[in-house]
Amino acid sequence: MKKAFLIFGAALLLAFSEASCLEAGETVEVSCPGPSATAAFDEAQVKTAAPYTAIEAAGESAALEFENHEENITFRFDTVDIEEIPETMPVLRMRPKVIDSDWARTMAEAIFGDNTLYEYSEELNRAEIGEKIAEYEDALREEAIKEALGEDASREEIAAYTKAIEEQLDFYSSAYEYARDEVEPVECLWTFWPSTHYAQSSWDYAGRDTGYTDRLPYGATVELCAQVTMDGLPYRFNVNNREAEDFRNHSMYALLMPPMYPGTPDYTPWMVENGVYSGREPGAEEVEAVEEKAREMIEAMNIGDWELDARVESGRYAYLPQEGMGYGIMPEDLYTSYDIVVDCKRVYEGVTMTKHPMLMDMRSTRPGASNYYFEELELRYCADGRLQNLTYWSPHELLESTDSGVIELDIGDIKSILMDWTAENIQLRDSLSPEAELLDVEVEIFSIELGLSRIKLDDTDFLLIPTLTLPGMYTLEYSLSGETGSDTRGSEASPVDILVIDLRDGSVIELGNP
Amino acid sequence: MRENLGLAIFESLGYIDPEYIEQAANSRGGERSTLRRTVRLLLIAAALLSLLTAAACASAWFGLGARLISLGGQGEAGAGEGESYVSLSGLQGSPEFLAAGQWLEFKNSYEQKMVEGQLAEGESLYDWRDLERGFARENEYDLAVSRIYGVWDEAMLKELKDIAGEYGLSLHTRAGRPESGELEGTVYENGAYKYGFMLPLHDSYNLVTVYYEPWGTLPAMSLPIYAPGEYEQWEYETDLGARVDIALRRQPIDVPENYEPSPGELSWDCLIFCRGDGADLTLRCSWSGEPAPQNTAEDIADALDFKALLEDGSISAVAGAIKEK
């Protein structure tokens, strides 16, 4: 499968370097112009693409539709606009960056201003622990177990259930000795702890956890959690540094933290009463003001350059769970709420990073896989301009910047690649079982984006390379064991990468996880 | 010298109940010659050795069978109606094994007796426990062991200390949490630990828990096991050359009568044991949906460098001992 992909990658090279000298159908030997930083390409015998119909020059909008050679995949382009590709673009060497205590504090101050942050705590006071003990004791009574598991529960089920309750009972019984009569909030210590430090079911009543403020422990995952109130709303501020040997990932988020869980009866009323859900659509000036506010905050956070674009987004909600769609209520009968979302794209040396789907296979060793989250920032505000949620993933430090020549590419070249697609390309994305027969695929390509994309260089570093990305969605129909089925991947709101081209050499790279 | 040789043979067998050794050593008729006594000792040793070997072949002596603590049962895999636990330190007959069994037996029956008493009086089930451990406050050592071993009154504390003393074992005096990691764990003052982590396996991850126990201390942790007789057991040499014992059981699921579940509906419980020089390592892992669970169990064994863990003896070695498979 991988080899097939490399072969048609080589076909692309051929289209760039040899097409003018060859006639359709002629077979040539092609070797790569040089090793890619992501993968070694084999020499391969490839066929030239048949000459394609000339397409309008870059800059003119035109819809395009064509099929692959096997005539089972249809491609539709919403636009064939390609931004003008400069002669050179930067190639940046990057390394994942730890969010240390100082930086965490800087970001928190940028987000929350003068509001005081307190250690996030699920600590229970002594009386509450006593209640927990009583609760678990009651759960161990024979009648309670029968009620929970039924009369026909097996001995093994009862043993497992009882064991789980006993473990909780032991935990809280042991905690009772150390519990405080009153739990007073502690101002944020700006210290990183093991992840288990903050959970109620593993709260460190005995004070045994080791905290870190300076050097983070190698091979560990540590967290810093705080809670804060700003403009009348409660938030949780969290920094997570995963420095484990298999992969490194770092993140920060500031999330609205209502006192109850979503889906519980009081959740939506709380959101409405506190102005988070608002039926008032903000005007253009308000949206602009939020974008400016976000820009100032980002600058103060010291997280680099970002391209921002604020817009209004609406959502629907039911006031009470029993009034929701699960109870037969139609979407149009729900309430509407408006948020202001700020789309953020990272910019390095004047070039925007392309947003790719979030990777799921964190330990992937496939060539071109990036192993963990791309650098991303997401911002959501209430209609009145108060922050709702901020998430910041995977900061990087820039180690080196070089200029690279980039190839010329037009829509005809892209068409040529896609026409060579076969069922294997779909299987590569894990969308189709190897035993299934592909009947039909409809691919819609939303745009063609020029930007920087991250690829893996070695076990520690990554490269941001110039790429052309085609985000879109596709629906496939297949036959398996005598039955037909269909599947859709991607959407306008969450597109998948249909094609990503390395502009340094024109090779195709499989960035996204299947 | 020959008498000492006989005793030496007994002692070198290692896993024989001390009582046998004592009986053999004390078998001194006034009229028996030294030579006859030595021969007798050697014959007894040979007989016992052959019995032990036969038992080992029959029930994977160094695997689950040799580590099964059955409360209220006969101590063999598959026997006994009471609760069963896996010995985390020491095989059958060792001081650690015997002490752990005795402590678990006492703890369970004592707590049950106290709860029943509370029930009979119409009182809260666990009110008999002194949650503040006033009975141990005068002595730092007593307080520490009470916290670690789940001791709730003076009677329990006395029994714990008596058992440890009887078998010449230390008690854990300090238990902490791992300095780092994504899952919960416990680390003790002598390096013993329990640690849960995600083991990468075949483009996925399996949650495994590893228990490391140096000999010479009564383990504070316990590992319950259900239906020990249903485990398939075998020895295995890992890719990294460690000799381990694997025990695997298909766990029951609720299905209609005459329904044959597909591989995806099955779930498995796996135990992997490895002995080092002075310590025991136990791994537990459960998973579902595997059509070839024996392969998965061996793959799990290959994915962890048991030798390195036993040589290093510290929880910090776990991360480096994971071998991607």
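Up top is the structure these notes are about.
Thresholds, definitions, all that
- Residues numbered from 1 in each chain as written.
- Chains lettered and ligands numbered in written order.
- Predicted model: local features only at pLDDT ≥ 70, side-chain atom pairs only at ≥ 80, totals over all residues.
- Heavy atoms only, no water.
- Helix = DSSP H or I, 4+ residues; strand = E, 2+ residues; numbered from the N terminus.
- Buried < 20%, exposed > 50% of the residue type's maximum accessible area, 1.4 Å probe, protein only.
- Contact = heavy atoms within 4.5 Å.
- Areas by Shrake-Rupley, 256 points an atom, 1.4 Å probe, with all protein chains shown as cover.
- Pairing = 2+ DSSP bridges.
- Axes fitted to C-alpha atoms, helices over the stretch in contact; angles between N-to-C directions.
- Phe/Tyr/Trp six-rings, centres within 6.5 Å; stacked < 30°, edge-to-face > 60°.
- Lys NZ or Arg CZ within 6 Å of the ring centre and 35° of its normal.
- Buried area = accessible area lost by both parts, 1.4 Å probe.
- Salt bridge = Lys/Arg side-chain N within 4 Å of Asp/Glu carboxyl O.
- Core = buried A, V, L, I, M, F, W, Y, C linked by side-chain atoms within 4.5 Å.
- Parallel < 35°, antiparallel > 145°, perpendicular 65-115°, else oblique.
- Left-handed = near helix turned anticlockwise from the far one by under 90°.
- Nonpolar A, V, L, I, M, F, W, Y, C, P; charged D, E, K, R; others polar.
- Polar contact = N/O pair within 3.5 Å; in protein donor to acceptor, adjacent residues only side chain to side chain.

Engineer: Looking at this model, I keep getting lost on the overall build of chain B. Mind explaining?
Structural biologist: A count of helical and extended segments in chain B gives 10 helices and 13 strands. Of all 325 residues assigned to chain B, the portion counted as buried reaches 49%. Look at the contacts in chain B between residues 6 or more apart in sequence, and 55% of them connect residues 24 or more apart. Looking at chain B as shown, the accessible area adds up to about 15700 Å², and 49% of this sits on carbon and sulfur atoms.

Engineer: I tried to follow the sheet that holds strand 1 (residues 68–70) of chain B on my own but got confused; where do I start?
Structural biologist: Strand-to-strand pairing in sheets goes through backbone hydrogen bonds, with the strands running parallel or antiparallel. Residue and element names in this part refer to chain B. Ordered by their spatial adjacency, 3 strands build an open sheet running 1-2-9, and the pairing between neighbours is antiparallel. Across the chains shown, the open sheet's two edge strands, defined by having one partner strand only, are strand 1 and strand 9 (223–225). Within the sheet, the average angular offset between the axes of one strand and its neighbour, ignoring direction, is 35°. Direction of pairing for strand 1 relative to strand 2 (residues 84–86): antiparallel, over a ladder of 3 bridges. Across the sheet, residue Leu68 finds its bridge partner in strand 2, namely Val86. Contacts between helix 5 (residues 95–121) and the sheet are confined to strand 1 and strand 2, with strand 1 contributing the most and set at about 35° to the helix.

Engineer: When you look at the packing of aromatic side chains in this model, what are you seeing that I'm missing?
Structural biologist: Two aromatic rings are characterised by how far apart their centres lie and by the angle between their planes. For the coordinates displayed, the defined rule picks out 18 aromatic pairs over all chains. Arranged with centres 6.2 Å apart and planes meeting at 85°, the rings of Phe112 of chain A and Phe237 of chain A form a pair that is edge-to-face. Of this pair, Phe112 of chain A sits in helix 2 (residues 101–112) while Phe237 of chain A is found in strand 9 (residues 233–243), placing the two residues 125 residues apart along the sequence. Each member of the pair, Phe112 of chain A as well as Phe237 of chain A, carries the same accessibility label: buried. Through successive ring pairs, a cluster of aromatic residues spans Phe66, Phe75, Phe77 and Trp421 of chain A. A cation sits over an aromatic face here: Arg129 of chain B above Trp152 of chain B, 4.8 Å from the ring centre.

Engineer: I keep staring at unusual backbone geometry and nothing clicks. Help me out?
Structural biologist: Backbone geometry follows two general trends: most residues other than glycine have a negative phi, and most peptide bonds adopt the trans configuration. Residue and element names in this part refer to chain A. Non-glycine residue Asp231 carries a positive phi angle of around 50°. Relative to the assigned elements, Asp231 resides in the loop between strand 8 (221–230) and strand 9. Phi is positive for Ser394, which is not a glycine, with a value near 55°. With respect to the element layout, Ser394 can be found in the loop between strand 15 (387–393) and strand 16 (396–405).

Engineer: I keep staring at the interface of chain B and chain A and nothing clicks. Help me out?
Structural biologist: By convention, interface size is frequently given as the accessible area that disappears when the constituent parts associate. Each partner contributes to the interface: chain B provides 36 residues, whereas chain A provides 35 residues. Buried surface at the junction of chain B and chain A, summed over both partners, amounts to about 3000 Å²; 43% is from carbon and sulfur atoms. Where chain B touches chain A, the interface holds 6 salt bridges. Among the salt bridges present, the one from Arg177 of chain B reaches Asp209 of chain A, with a minimum N-O distance of 2.8 Å. When contributions to the side of chain B that touches chain A are tallied by element, the ones reaching two or more residues are helix 6 (140–149), strand 4 (175–176), strand 11 (243–251) and helix 10 (318–321) of chain B.

Engineer: What should I look at first to understand the side chain of His172 of chain B in this one?
Structural biologist: Topologically, His172 of chain B is positioned in the loop between strand 3 (170–171) and strand 4. Overall, the relative accessible area of 0% leaves His172 of chain B in the buried class.

Engineer: Where do I start with the nonpolar core in this structure?
Structural biologist: Ranked by internal contacts, the top residues of the largest apolar core, which has 61 residues, are Ile129 of chain A together with Leu64, Trp103, Tyr149, Leu218 and Leu271 of chain B. Among the elements that line this core, the one with the most residues is helix 5 of chain B, at 8 residues. Leaving out residues up to four positions away in the same chain, Leu218 of chain B has contacts with Ala99, Ala100, Trp103, Tyr149, Leu160, Leu169, Ser170, Leu171 and His172 of chain B. Grouped together as the second largest cluster of nonpolar side chains are 50 residues, Met107, Ile111, Phe237 and Tyr267 of chain A included.

Engineer: How should helix 8 (residues 293–302) of chain B be read in this particular structure?
Structural biologist: Residues three or four positions apart in an α-helix share a direction because the helix packs 3.6 residues into each turn. Among the 10 residues of helix 8 of chain B, 7 are classified as buried, and the element is accordingly described as predominantly covered. For helix 8 of chain B, the complete set of buried residues consists of Pro293, Thr296, Ala297, Asp299, Ile300, Ala301 and Asp302 of chain B.

Engineer: Sorry if this is basic, but what is going on with the packing of helix 5 of chain B against helix 7 (residues 154–166) of chain B here?
Structural biologist: When two helices pack together, their arrangement is given by the angle between the helix axes and the distance between those axes. Residue and element names in this part refer to chain B. Their axes nearest at 9 Å, the elements helix 5 and helix 7 cross at an angle of 165°. Comparing their axes, helix 7 and helix 5 come out roughly antiparallel. Read as a crossing pair, helix 5 and helix 7 show a hand that is right-handed. Facing helix 5, whose interface residues are Ala99, Gln102, Trp103, Phe106, Lys107, Tyr110 and Glu111, helix 7 presents Ala155, Met156, Glu159, Leu160, Ile163 and Glu166. Along the lines of polarity and charge, the residues of the contact of helix 5 with helix 7 split into 8 nonpolar, 1 polar and 4 charged.

Engineer: How should I be thinking about helix 6 of chain B in this particular structure?
Structural biologist: Residue and element names in this part refer to chain B. Extensive coverage of helix 6 is indicated by the burial of 7 of its 10 residues. What helix 6 keeps buried is the set Asp142, Leu143, Ala144, Val145, Ser146, Ile148 and Tyr149. Where the residues of helix 6 are buried, they touch helix 5, helix 7, strand 3, strand 4, strand 5 (185–188) and strand 8 (217–218). With a side-chain oxygen positioned 2.8 Å from the backbone nitrogen of Tyr141, the residue opening helix 6 is Asn139. After helix 6 finishes, the residue Gly150 shows a positive phi value of roughly 65°.

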